[in-house]
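# Architecture at a glance
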Amino acid sequence: MTITRRGFLSASAGLAAMPVLRASAAPLPREADIVVIGAGAAGIAAARRIAAANRKVVVVEAASQIGGRCITDTTTFDVPFDRGARWMHNPETNPMIRLARSVGLDVLPAPSGQKMRIGRRNARAGETEEFLAALVRANRTIDEASRGKLDTSCASVLPKDLGDWAGATEFMLGASFAGKDLKELSAIDKARAQDRNAAIACRQGLGTLITKLGEQAPVALSTPASRIAWSNRDVSVETPSGKIVARAAIITVSTNVLTSGAIKFAPDIPKRTLDAASKLTLGSYDHIVLQLPGNPLGLSRDDILIEQSNSTRTALMFANIGGSSLCSIDVGGSFGRDLSEQGEKAMTAFAREWITKLFGSEAASAVQKTSVTRWNASPFVMGAMSASSPGGQLSRRTLTEPIGCMFLAGEATHETLWGTVDGAWESGERAADAALRKIGALRDEPDVPTQSTKKRRAPRQ
């Protein structure tokens, strides 16, 4: 039976729960209509879409848990916190918001702005206005440059007279936004990024949400794909637990994993695809989470704070997460990458040093338990979010091209919502549609608007 796209969109709302195939608890299926590589947001979205079309799907995941770059830690401290992505966006059109509510999770608006710290004091109202004006000017020049014939780096087009606000502006637009310094970031990619101002949080954590939604998909954990043999007709995926033969495959691994050679392909995937992935390498973004009981920093619940910095050795603080005593010191870009390479001890030392600089040694001495993320060292991810190098923005579209009966998905394949869990989810649904069409299980109808087609930022005049 061939189902219409609209028909299985309706069916997906009533999916029956299917078992998670723990590697040690159930034998791996030997065949499927479609096999999905990776159980992050893109992989789970694809699996749910395929199941809604009444086709057999199997998800293989190298890690020991569902989530990919959405992992909620519920054991280190007394409250949950996200070790990876923590925001969703575009609540008017984002299907994940509705899905979160449907599985009993709480969603709420995230902080809409940030506080600025200048040394040991808060910025005055006039100073904050100056910073926001600098940010607007910098964004405008990047947008204007993106309309040129040649792509260039964001750094090369920044106004030269940002003065004391240059460091904070570059941090907010580069390391904090994309995990890369502005000199490594394509002006076109930055300008095409859909506005992400209306951020939405899940109180129980984004990782909890993806795990909940993944309960409806047959996932084999601790089951890395080691080799994929493919043609235009079928695909064979080899894992330590056995081989799966399918009519199509959806591959959701990060661009860094794809280019690392961790998965072998026979025949090799096209050089065009690998070249595209190599222009969309992952930036660096990590959380250094500190337990600070008694609120020694005097900040409010879910406050976001940055500093007037004069170097890349800076950070963003997400304070009193969910009303708890947890504060996350976020580091990114080249500085964050170098710091992560030095290990957990160096990362924690920097966080204490940064708090001392802004709030004094007494505040830093109040730190109790700590925990850090090191996404660059994660073998199944190898970084944070994709960010295009200058000249590489068109590579995102290249990654959406079919490779025989294989289809790539993940935030790197989304042209406007790259770097977000929303973009990853939407890309998984897009790849599932393409795979279903490939096997004759989906008949085309007029496109149903998605969040990226409903609300895309118009170019500034």
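Presented here is a report on the structure given in the accompanying data block. The structure presented is a predicted model; accordingly, all values stated were derived computationally and were not measured.

Here we come to the pattern of salt bridges. One pass over the full model with this rule turns up 20 salt bridges. The salt bridge involving Glu353 is made with Arg313; its shortest N-O contact spans 3.0 Å. Within this pair, whereas Glu353 is found in helix α11 (residues 344-359), its partner Arg313 is found in the loop between β16 (303-307) and β17 (316-319), the two being separated by 40 residues in sequence. According to the relative accessible area criterion, Glu353 is partly exposed, its value standing at 41%. Given a relative accessible area of 38%, Arg313 falls into the partly exposed group. If you follow the salt bridges from partner to partner, you end up with Arg49, Glu429 and Asp433 in one network.

Burial of the side chains of β17 extends over both faces: Leu316 and Phe318 are buried on one face and Met317 and Ala319 on the other. With three bridges joining them, β16 and β17 adopt antiparallel strand pairing. Residue pairing for β17: Asp303 is matched across the bridge by Ala319. Note: β17 against strand β18 (residues 326-332), three bridges, orientation antiparallel. Residue pairing in the sheet places Met317 in a bridge with Ile329 of β18.

Right, let's talk about the sheet that holds strand β15 (residues 285-291) for a bit. Reading across the sheet, the seven strands line up as β8-β7-β16-β17-β18-β15-β19 and stay open at both edges, with mixed pairing between neighbours. On the outer flanks of this sheet lie β8 (121-122) and β19 (370-372), each paired with one strand and no other. Running over the sheet, helix α10 (residues 333-342) touches β15 and β18 and is turned about 110° from β18.

Trans is the common state for peptide bonds, and a negative phi is the common state for residues other than glycine. A cis amide bond, omega -5°, links Ala266 with the succeeding residue Pro267. Counting through the fold element by element, Pro267 comes out in the loop between β14 (264-266) and α9 (271-278). The residue Ser222 is not glycine, and still its phi comes out positive at about 50°. Here Ser222 is to be found in the loop between β10 (219-220) and β11 (227-230). Overall, the relative accessible area of 41% leaves Ser222 in the partly exposed class.

With that settled, consider the packing of aromatic side chains. Describing an aromatic ring pair means giving the distance of the ring centres and the angle of the ring planes. In this structure the tally under the stated criterion is five aromatic pairs. For the ring pair Trp87 and Phe318, a centre distance of 5.2 Å and an interplane angle of 65° mean the geometry is edge-to-face. Taken together, the residues span a long stretch of sequence, with Trp87 in the loop between β5 (81-82) and α3 (95-102) and Phe318 in strand β17 at a distance of 231 residues. For Trp87, a relative accessible area of 22% puts it in the partly exposed group. According to the relative accessible area criterion, Phe318 is buried, its value standing at 6%.

The subject of this paragraph is helix α14 (residues 421-438). Compared with an ideal rise of 1.5 Å per residue, which puts 18 residues at 26 Å, α14 spans 26 Å between its outermost C-alpha atoms and is within 8% of the ideal. Of all 18 residues making up α14, 14 are buried, and the element is well covered by its neighbours. Of the residues flanking the end of α14, it is Gly440, one or two places downstream, whose phi is positive at about 75°.

Glancing now at the pairing of strand β12 (residues 235-239). In terms of burial, β12 is a largely internal element, four of the five residues being buried. Between the end of β11 and the start of β12, which pair antiparallel, lie four residues. When β12 meets strand β13 (residues 242-251), the two strands line up antiparallel, connected through five bridges. Bridging across to β13, Val235 finds its partner in Ala246. Remark: two residues form the turn of the hairpin made by β12 and β13, two consecutive strands paired antiparallel.

This paragraph deals with the packing of α3 against α14. Their axes nearest at 10 Å, the elements α3 and α14 cross at an angle of 90°. Classified by the angle between their axes, α3 and α14 sit roughly perpendicular to one another. Contacts from Pro95, Met96 and Leu99 in α3 reach Val421, Asp422 and Trp425 in α14.

Before going further, it helps to spend a moment on the environment of Glu184. By the element assignment, Glu184 lies in the loop between α5 (166-178) and α6 (187-192). The partly exposed category is assigned to Glu184, whose relative accessible area is 34%. In sequence terms Glu184 and Val381 are 197 residues apart; their C-alpha atoms lie 20 Å from each other. For Glu184, the contacting residues outside a window of four places in its chain are Ser388, Ser389 and Pro390.

Definitions and limits used
- Residues numbered from 1 in each chain as written.
- Predicted model: local features only at pLDDT ≥ 70, side-chain atom pairs only at ≥ 80, totals over all residues.
- Heavy atoms only, no water.
- Salt bridge = Lys/Arg side-chain N within 4 Å of Asp/Glu carboxyl O.
- Helix = DSSP H or I, 4+ residues; strand = E, 2+ residues; numbered from the N terminus.
- Buried < 20%, exposed > 50% of the residue type's maximum accessible area, 1.4 Å probe, protein only.
- Pairing = 2+ DSSP bridges.
- Contact = heavy atoms within 4.5 Å.
- Axes fitted to C-alpha atoms, helices over the stretch in contact; angles between N-to-C directions.
- Phe/Tyr/Trp six-rings, centres within 6.5 Å; stacked < 30°, edge-to-face > 60°.
- Expected span 1.5 Å × (residues − 1).
- Parallel < 35°, antiparallel > 145°, perpendicular 65-115°, else oblique.

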